[in-house]
Amino acid sequence: QVQLVESGGGLVQAGGSLRLSCAASGIIFSINAMGWYRQAPGKQREMVATITSGGSTDYVDSVKGRFTISRDNAKNAVYLQMNSLKPEDTAVYSCNARIATVFKGHSDYWGQGTQVTVSS
């Protein structure tokens, strides 16, 4: 059984910073891409940032220059450093990872989500 556990959300004033963490646990054979997604009330979920196993990154335009995604392959973890936060960044942030176990090929797994609220 694979689990993704997130931490680091919370309430912050505009202009502030938060760092989200997500760690995968279980009988993991390998992890391909990892990423962060967010969903604000009344809106569709959107990709925020992704990172491949080789370290290539991609960001939604609205966070470029403010957010940085990174990963620690030894810890099966992915991080999202969020700087210069804006009220429009308020959402539930969820991590995603494409994981292969010894029993199953690569499949998408999701964390439970963590709330990020940015006050103006």
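Conventions adopted
- Residues numbered from 1 in each chain as written.
- Predicted model: local features only at pLDDT ≥ 70, side-chain atom pairs only at ≥ 80, totals over all residues.
- Heavy atoms only, no water.
- Helix = DSSP H or I, 4+ residues; strand = E, 2+ residues; numbered from the N terminus.
- Polar contact = N/O pair within 3.5 Å; in protein donor to acceptor, adjacent residues only side chain to side chain.
- Contact = heavy atoms within 4.5 Å.
- Core = buried A, V, L, I, M, F, W, Y, C linked by side-chain atoms within 4.5 Å.
- Buried < 20%, exposed > 50% of the residue type's maximum accessible area, 1.4 Å probe, protein only.

A. Quick look at the side chain of Thr 114. Summarising the element assignment, Thr 114 is placed in strand β11 (residues 114-119). Within the structure, Thr 114 has its side chain in polar contact with the backbone nitrogen of Gly 9 (distance 3.4 Å). If we ignore the near neighbours within four places in the chain, the residues touching Thr 114 are Glu 6, Gly 9, Leu 20, Ala 91, Val 92 and Tyr 93.

B. Summary view of the environment of Ser 70. On the secondary structure map, Ser 70 appears in strand β7 (residues 67-72). Here the alpha-carbon distance between Ser 70 and Thr 52, two residues 18 residues apart in the chain, equals 9.6 Å. Each residue touching Ser 70, except ones within four places of it in the same chain, is listed here: Ile 51, Ala 77, Val 78 and Tyr 79.

C. Highlighting the nonpolar core. Judged by nonpolar contacts, the single largest core of 32 residues is most densely connected at Trp 36, Leu 80, Met 82, Tyr 93 and Ile 99. Every element with two or more residues in this core is listed here: β3 (18-25), β4 (28-39), β5 (46-51), β7, β8 (77-82), β9 (91-101) and β11. Not counting residues up to four positions away in its chain, the partners in contact with Met 82 are Gly 16, Ser 17, Leu 18, Leu 20, Arg 66, Phe 67, Tyr 93 and Val 116.

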